[in-house]
Amino acid sequence: MKEELVEKYFRPGRLPHLWCPGCGHGIITGAIVQAIDQEGWSKDDVAIISGIGCSSRASGYLDFNTANTLHGRALPIASGLKMANPKLHVIVVSGDGDCTAIGGNHLIHAARRNIDLTLVVFNNSIYGMTGGQYSPMTPVGSKATTAPYMTIEEDFDLPSLAQAAGATYTARATTYHTQLLIDVIKKGMEHKGFSLIEAVSACPTNFGRQNKMGAPALMMDWQRQHGVPLAAWNKMTEEQRAGKFPIGVLSERTDRKEYTEAYDEVIARAQAAL
Amino acid sequence: MGKVLLMQGNSAVVEGAISAGVRFYGGYPITPSTEIAEGMAKRLPEVGGKFMQTEDELAGMGAVIGASLAGVKGMTATSGPGFSLKQEMLGLACSAEIPCVVVDVQRVGPATGQPTSPSQGDVMQTRWGTHGDHWVIVVSPTSVPECFDLTRRAVELSETYRCPVILLMDEIVGHMRERIELPESYDDLPKFPRKVPSCAPEDYLAYRDVDGTKVPPMAPFGSGYRWHVSGLVHDETGFPKGTPSATRTSQDRLRTKLTDRLDDIIMTESYRMEDAEYAVISYGGAARTAYDAVDAAREQGIKVGLFRPVTIWPFAEKEIAGLSSKVKGILVHELNCGQYFLEVERAVHGKIPVTLYAKYDNESASPEEMLEEIKKMTGGAQA
Ligand SMILES: Cc1ncc(C[n+]2csc(CCOP(=O)(O)OP(=O)(O)O)c2C)c(N)n1
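Rules used in this analysis
Residues numbered from 1 in each chain as written. Chains lettered and ligands numbered in written order. Predicted model: local features only at pLDDT ≥ 70, side-chain atom pairs only at ≥ 80, totals over all residues. Helix = DSSP H or I, 4+ residues; strand = E, 2+ residues; numbered from the N terminus. Rg over C-alpha atoms; globule rule 2.2 N^0.38 Å. Buried ≥ 20, exposed ≤ 12 C-beta atoms within 10 Å, placed from the backbone. Contact = placed C-beta atoms within 7 Å. Core = buried A, V, L, I, M, F, W, Y, C linked by C-beta atoms within 7 Å. Domains from an automatic or database assignment. Nonpolar A, V, L, I, M, F, W, Y, C, P; charged D, E, K, R; others polar. Pairing = 2+ DSSP bridges. Axes fitted to C-alpha atoms, helices over the stretch in contact; angles between N-to-C directions. Parallel < 35°, antiparallel > 145°, perpendicular 65-115°, else oblique. Left-handed = near helix turned anticlockwise from the far one by under 90°.

1. Focus on the overall build of chain B
Next up, step 1: Per the secondary structure count, chain B includes 14 helices and 15 strands.
Next up, step 2: For 383 residues, the compact-globule formula gives about 21 Å, and the C-alpha radius of gyration of chain B, at 21 Å, lands near that figure.
Next up, step 3: Referenced to the eigenvectors of the C-alpha coordinate spread, the extents of chain B come out at roughly 70 × 45 × 45 Å.
Next up, step 4: Within chain B, the fraction of its 383 residues that count as buried is 54%.
Next up, step 5: A fraction of 76% describes how many contacts in chain B between residues 6 or more apart in sequence connect residues 24 or more apart.

See below:
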């Protein structure tokens, strides 16, 4: 990332960050900043609300209106903020555990309401902050500190989950596919309604080591090999798809009303009845 | 001259909130608090405010915190089971100093308990429910007009001291209908504006005490003052800092910003206490029985009065300790097995007998029953 972007968007004195060498979270944070920069938004008009986890620490490094809240609870707080000030661009940063385990209920309801938030889920397939326990997005058959004999739970397909719940924009990219990551975050921010971007990240310390993934560079290479651009994915057979996942914009629809706009109609109806 | 209405306590809370400038509500319905959610759903959009029925009580409380960050006054209401769910968020509001009002209309507990029956079993939970040392303000109304007034006061206290304020109600005051006089218009009532920074944005430190009140000014998100909210122990910058000295400094300010101002925060009522030789201490819905019982005792020549804490927490330590040098005995009446009683005992410190009249059987006490308890305390003493 360009030095001037660091200077412009990162808080002076807050670096170095707490992420381990080889962690993908910095790449995703950088992608968010580059997407915001391309939008040209004023820093005063952007809020970054995060939960708790390694990923959620991103909010503290960034020079916007920021909050590092509670584990799993960023979406409700972001929803109240957006309702109170719909002009703010509200971006939510969450981890795979934060978003889909403890915060899973909030996720489906924020998606169902179609409130105009951009949710970026840093998916490193593990609970990083607490040292390597399995999350609902740990691939089945993986090792974790709480699954020494391998996980038996199926993992979520997060964009599909969000889409089914009513999210009007879903996308996925990886920290290897950086340009795509910036693009899909930017499109999500432009989308009016609830957007979910799954950003596949690498946790060499707590996932890679337990699962013998090799050096951080090899974990990036794993992303290159397993993340398949949607156009190619659509031409693949079920057998070819096994173990892989599509990347790109996975769904987008404009037929549903955005929540804060729909609420303005509630206000109009209430006041017309006075 | 205002309008005279027959109104339920829960509805008076709604009107109190609207009149004080609350413009956001997030919550999940639960008996006996539901009328507050229903009332806010109707009234808020009429005044340009917003209501959200959230997926659960955690989200309701979270949304209120989010709205408050944008500078919009927020409120949520619930009862025991939902109040338990809100505890973690309550701690975030304490730690990050985010003003908000939380109404707990108590039911009998634990668990689902008895939804439509009166109880005051959450008294200690309001004080110690969220984990960690923390300080909150809790106020408890006894009548429908007081539901209106104390909701307004709760908003004022939360904005003044940058902390969550709990309006502790019970099924009696929540569901009871009573006469209330409300102003025709709320326009002229105070709206308790939040203290905002006057320095340049680049000089703003979100948790710095700039005026000696120990309550830092709070800039709304989006107002050009970019700051960081964290539930981690933080220093005056708002960024995490967990050193022993930073932790102590932060804890001390969070505590003393309230304990320095007890004269403003602690509200009490004394009824027929001027010449009293004995005192009943009771609060919230339970105190309604006490007024009648005191009157009945007085008719029989027993010099007893009612001391009613309106502010439950912080505890009226000085006032109750003072009481113990004026009267010969104290009877604490509450609708639980004895929670506030423990604090009264502590403050009285064995100087005079303190007895408990506990009622925890889904019903409020009758004045006759309470008169018997008063007589037990006075030993039939008469003037
Ligand atoms: C209520 C609650 N439960 C548990 C925790 C402990 N905890 C903190 S972060 C975390 C998991 C974080 O994993 P994830 O969301 O995937 O983010 P990552 O650290 O991997 O980026 C857990 C379990 C907590 N802070 N709060």
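Following the structure, the description resumes.
2. Examining the environment of Pro216(A)
All names here are of chain A.
Next up, step 1: Among the structural elements, Pro216 can be located in helix H10 (residues 216–226).
Next up, step 2: The class of Pro216 is partly exposed, set by 18 C-beta atoms lying within 10 Å.
Next up, step 3: Taking the C-alpha atoms as reference points, Pro216 and Gly24, separated by 192 residues in sequence, lie 8.9 Å from one another.
Next up, step 4: Contact partners of Pro216, with chain neighbours within four places excluded, come to Gly22, Ala202 and Pro204.

3. So, the nonpolar core
Next up, step 1: By size, the foremost hydrophobic cluster in this structure holds 169 residues, and its most contacted members are Leu81(A), Val120(A), Ile137(B) and Leu167(B).
Next up, step 2: If you count residues domain by domain, this core takes at least three from each of domain 1 (3–182) and domain 2 (268–377) of chain B.
Next up, step 3: Other than its neighbours up to four places away in sequence, Leu81(A) contacts Ala47(A), Ile49(A), Leu88(A), Val90(A), Gly66(B), Ala67(B), Leu69(B), Ala70(B) and Phe221(B).

4. Describing the interface of chain A and chain B
Next up, step 1: Contacts between chain A and chain B engage 35 residues on the former and 34 residues on the latter.
Next up, step 2: The dominant element in the side of chain A that touches chain B, judged by the number of residues it contributes, is helix H4 (residues 74–84) of chain A, at 8 residues.
Next up, step 3: Grouping the constituent residues of the side of chain A that touches chain B by class yields 16 nonpolar, 12 polar and 7 charged.
Next up, step 4: Of the pairings in the sheet, the one linking strand S2 (residues 65–68) of chain A to strand S9 (residues 228–230) of chain B comprises 3 bridges and is parallel in character. Counterpart to Asn68(A) in the pairing with S9(B) is Ser230(B).

5. Notes on unusual backbone geometry
Next up, step 1: For the bond from Thr31(B) to Pro32(B), the omega torsion is 0 degrees, close enough to zero to count as cis.
Next up, step 2: On the secondary structure map, Pro32(B) appears in the loop between strand S2 (24–27) and helix H2 (34–46).
Next up, step 3: The linkage connecting Gly109(B) with the following residue, Pro110(B), adopts the cis geometry, with an omega of 0 degrees.
Next up, step 4: Within the secondary structure layout, Pro110(B) lies in the loop between strand S5 (100–106) and helix H6 (123–128).
Next up, step 5: Positioned with a positive phi, Asn114(A) is a non-glycine residue whose angle comes to about 55 degrees.
Next up, step 6: Position of Asn114(A) among the secondary structure elements: in the loop between helix H6 (104–113) and strand S4 (118–123).
Next up, step 7: Classification of Asn114(A) by C-beta neighbours within 10 Å gives buried; the count is 24.
Next up, step 8: The residue Lys214(B) is not glycine, and still its phi comes out positive at about 70 degrees.
Next up, step 9: On the secondary structure map, Lys214(B) appears in the loop between strand S8 (177–182) and S9.
Next up, step 10: Judged by local crowding, Lys214(B) falls into the partly exposed class, with 18 C-beta atoms found within 10 Å.

6. As for the sheet that holds strand S5 (residues 169–174) of chain A
Next up, step 1: An order of S7(A)-S8(A)-S5(A)-S6(A)-S4(A)-S3(A)-S1(A)-S2(A)-S9(B) is seen for the 9 strands of this open sheet, with the pairing classed as mixed. What marks the edges here is a single partner per strand, and that holds for strand S7 (227–229) of chain A together with S9 of chain B. Taken over all neighbouring pairs, the strand axes of this sheet differ in orientation by 20 degrees on average, direction set aside.
Next up, step 2: Here S5(A) runs beside strand S6 (residues 195–200) of chain A; their pairing, made up of 6 bridges, is parallel.

7. Observations regarding the domain arrangement of chain B
Residues and elements named next belong to chain B.
Next up, step 1: Looking at the assigned domains, one finds that chain B contains domain 1 (3–182) and domain 2 (268–377).
Next up, step 2: Computed from C-alpha coordinates alone, the two centres of domain 1 and domain 2 are separated by 26 Å.
Next up, step 3: Contacts between domain 1 and domain 2 engage 22 residues on the former and 19 residues on the latter.
Next up, step 4: Put simply, the parts of the chain that give the side of domain 1 that touches domain 2 at least two residues each are H6, strand S6 (137–139), strand S7 (164–170) and helix H8 (171–175).
Next up, step 5: Among the residues making up the side of domain 1 that touches domain 2, the classes are represented as 12 nonpolar, 8 polar and 2 charged.

8. Concerning the packing of H4(A) against helix H3 (residues 57–69) of chain B
Next up, step 1: At a minimum axis separation of 6 Å, H4(A) and H3(B) run at an interaxial angle of 45 degrees. The orientation of H4(A) with respect to H3(B), classified from their angle, is oblique. Between H4(A) and H3(B) lies a crossing whose hand is right-handed. Seen from H4(A), the contacting residues are Pro76(A), Ile77(A), Ala78(A), Ser79(A), Gly80(A), Leu81(A), Met83(A) and Ala84(A); seen from H3(B), they are Leu58(B), Ala59(B), Gly62(B), Ala63(B), Val64(B), Ile65(B), Gly66(B), Ala67(B) and Leu69(B).
Next up, step 2: Looking at the contact of H4(A) with H3(B), its residues break down into 13 nonpolar, 4 polar and no charged.

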